[in-house]
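Geometric and topological summary
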Amino acid sequence: MIVQRLELRNFRNYRELGCDFDPQINVITGRNAQGKTNLLEAVYYLAGARSFRTRSDRDILHMAETEGAVTGFIASEVREQRIDIYLSRRERKKIFVGGVRMKSASELAGRFACTLFCPDDLELIKGGAAERRRFMDLAISQLRPKYADLLTNFNRIYEQKTRILRDYRDRQDMLDVLDEFSLNLAKYGSELMRYRASWCARAAQAAGDIHGEISGCGEKLRLDYRTVSAIEDPLEMSVREILDALLRQQERLRQAEIDAGQCLAGVQKDDIAIRIDGSEASKYASQGQIRTAALSMKLAEWTICRDELGSSPVLLLDDVLSELDAARQDYVLNSIQGGQVLITCCDEEEVSRRTGGSILRIEGGRVRN
Ligand SMILES: Nc1ncnc2c1ncn2[C@@H]1O[C@H](COP(=O)(O)OP(=O)(O)OP(=O)(O)O)[C@@H](O)[C@H]1O
Ligand SMILES: [Mg+2]
């Protein structure tokens, strides 16, 4: 899958842009604050009408303008299509695929896929469990629409149960429905757990291989899915068995939850334990190791997505090379061959000499040729 051409009007610091991409490697260079990340953000925006830097579409419109547009010409093995997203400060954004108006952004799913690595992804290693759950959830949702539905249902019931446990002291009758919520939470939880466990097993394998290669086989990255203590290995159990175990656990914790006024155990606390050469990465890893591990996890997501979709998502790499030594940089640049890549960097000579990709020089929101 590739993006052949991007057109922008009043997107971030781009007033008017028409830009054709190479089907393989595109090196996006320029000094700081010229618009390199903004260009990746625009391509990413085509995949789901969402930015990775802000929740608000107001921020991505040129600050002096009231309306703008992002257009992408996408080609996959089976078709070529045009995606247009119109932005306005006055009304909701409008999305068109092949000229046909979409009802919502979720209809964009599956039309264009990309995997992004950006400096914030270092939080995958350094940040809390919520970062890693979000990573798993987004990755699995991209592949399995059913997972996204399960997650929405789980979160809704989790919030309701939390509210019951928080507020029952004022309204004792609220406790009448507590067990029903616990049952539903365990039902959705057991299904989520199976998906997460099997995705993590695949990601662990792929990320371990990639990390070993980037670091020159010197280091071992290990990822382990961490879930409720009542369950040893979800991959050895059926969904039914997981459900029974979760229900028994909720039964045991019932009074403790009521006393504590909050949900105690459950997949809402799931995590991925990350170790490099046996040591916990968040505590002991160096800057370069953190970057290598985070990148390996992202490339694992890309690999799994490619194997499932039968076509490589476009890989967007923002500022990936800093903090890596020359050997690690070389491996990254070699390993990303095989699909379309947009990679930003400040030092064009270094990267283009080693990848041979085509170069886009960005200056003040324009591509300079
Ligand atoms: N809504 C907006 N309207 C106009 N300009 C904007 C808007 N949002 C961001 N910018 C400008 O875009 C520029 C930053 O672009 P970007 O983040 O793409 O830089 P970059 O080339 O990736 O730089 P670096 O090398 O530092 O990462 C800044 O000068 C910023 O002021
Ligand atoms: Mg940038």
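Everything numeric in this text was worked out from a predicted model, so none of it was measured.

Here's the deal with the domain arrangement of the chain
Along its sequence, the chain is carved into domain 1 (2–113 + 313–368) and domain 2 (124–283). Averaged C-alpha coordinates put domain 1 and domain 2 at centres separated by 33 Å. Contacts between domain 1 and domain 2 engage six residues on the former and six residues on the latter. Classifying every residue of the side of domain 1 that touches domain 2 gives four nonpolar, one polar and one charged.

Description of the nonpolar core
Core analysis: the largest hydrophobic core is formed by 95 residues, its most contacted members being Val43, Cys114, Ala203, Ala293, Val314, Leu316 and Ile343. When residues of this core are assigned to their parent elements, the largest contribution, 13 residues, is made by helix H6 (residues 178–214). Formed jointly, this core draws a minimum of three residues from each of two domains, domain 1 (2–113 + 313–368) and domain 2 (124–283). Not counting residues within four places of it along the chain, the set of residues in contact with Ala203 comprises Leu223, Met297, Ala300, Glu301 and Ile304.

Here's the deal with the sheet that holds strand E5 (residues 80–88)
Pairing within the open sheet is antiparallel, and its six strands lie in the order E2-E1-E4-E5-E6-E7. Each edge of the open sheet carries a strand with a single partner, namely strand E2 (14–20) and strand E7 (100–101). Strands in contact with helix H1 (residues 36–48) are strand E1 (2–11), E2, strand E4 (67–75) and E5; relative to E1, the strand with the most contacts, it is inclined by about 110°.

Thoughts on the packing of helix H4 (residues 129–143) against H6
Taken N-terminus to C-terminus, the directions of H4 and H6 make an angle of 95°; their axes are 10 Å apart at the nearest point. Overall, the two elements H4 and H6 adopt an arrangement that is roughly perpendicular. Where H4 approaches H6, its residues Met136, Ala139 and Ile140 are matched on the opposing element by Tyr195, Arg196, Trp199 and Cys200. Class assignment for the residues of the contact of H4 with H6 results in six nonpolar, no polar and one charged.

Description of the site of ligand 1
Looking at ligand 1, there are 15 residues lining it, with Asn13, Asn32, Lys36, Thr37 and Asn38 nearest. Take the shell around ligand 1: its biggest share by element is three residues, from H1. Per-class residue counts for the shell around ligand 1 are four nonpolar, eight polar and three charged.

What about the packing of helix H5 (residues 145–167) against H6?
Interaxial distance between H5 and H6 falls to 9 Å at its minimum, and their mutual angle equals 150°. Taken as a pair, H5 and H6 cross one another with a handedness that is left-handed. Every residue of H6 that contacts H5 at Tyr147, Leu150, Leu151, Asn153, Phe154, Ile157, Tyr158, Gln160, Lys161 and Ile164 is listed here: Leu178, Phe181, Ser182, Asn184, Leu185, Tyr188, Gly189, Glu191, Leu192 and Tyr195. In terms of residue class, the contact of H5 with H6 is built from 13 nonpolar, five polar and two charged.

Let's talk about the sheet that holds strand E11 (residues 279–280)
Pairing within the open sheet is antiparallel, and its three strands lie in the order E9-E10-E11. Where the open sheet ends on each side, the last strands, each with one partner, are strand E9 (221–226) and E11. The pairing of strand E10 (residues 271–276) with E11 spans two bridges and is antiparallel. Along E11, the bridge assignment pairs Ile276 with Ser279.

Side note on the pairing of strand E6 (residues 94–97)
With four bridges connecting them, E5 and E6 associate as antiparallel partners. Of the residues in E6, the one forming a bridge with Asp84 is Phe96. Hairpin connection between E5 and E6: a loop of five residues separates the two successive antiparallel strands. The pairing of E6 with E7 spans two bridges and is classified as antiparallel. Looking across to E7, one finds that Val97 is bridged to Val100.

So, the pairing of strand E8 (residues 114–117)
Residues of E8 alternate between two faces, with Cys114 and Leu116 on one and Thr115 and Phe117 on the opposite face, all of them buried. The pairing of E8 with strand E12 (residues 314–317) spans four bridges and is classified as parallel. If you follow Cys114 over to E12, its bridge partner there is Val314.

Cut-offs applied
- All residue numbers refer to positions counted from 1 along the written sequence of the respective chain.
- Chain labels run from A onward and ligand labels from 1 onward, assigned in the order the entries are written.
- Reporting in this predicted model follows two pLDDT cut-offs: at least 70 for local features of residues, and 80 or more for side-chain atom pairs to be given and counted; totals over whole chains, interfaces and linings ignore these cut-offs and use all residues.
- For every domain, the bounds stem from an assignment made automatically or drawn from a database.
- Here contacts are defined at the residue level, using C-beta atoms placed from the backbone and a cut-off of 7 Å between them.
- Residue classes follow a fixed rule: Ala, Val, Leu, Ile, Met, Phe, Trp, Tyr, Cys and Pro count as nonpolar, while Asp, Glu, Lys and Arg count as charged, and any other residue, Gly among them, counts as polar.
- Buried Ala, Val, Leu, Ile, Met, Phe, Trp, Tyr and Cys residues whose C-beta atoms connect them within 7 Å together make up a nonpolar core.
- Exposure classification rests on a simple neighbour count of other C-beta atoms within 10 Å of a residue's own: a residue reaching 20 or more is buried, one at 12 or fewer is exposed, and one in between is partly exposed. C-beta atoms are placed from the backbone.
- A helix here means a DSSP run of H or I that spans at least four residues, while a strand means a run of E at least two residues long, and both kinds are numbered starting from the N terminus.
- When DSSP finds two or more bridges between a pair of strands, those strands are recorded as paired.
- Here an axis means a line fitted to C-alpha atoms, over the contact stretch when the element is a helix, while the angle between two N-to-C directions is reported on a 0 to 180 degree scale.
- Working rule for angles: under 35 degrees goes down as roughly parallel, over 145 as roughly antiparallel, 65 to 115 as roughly perpendicular, anything else as oblique.
- For each residue, a C-beta atom is placed from the backbone, and the residue is labelled near a molecule or strand when this atom is within 6 Å of it.
- Crossing handedness: left-handed means the near helix sits turned counterclockwise from the far one by under a right angle, and right-handed means the same turn made clockwise.

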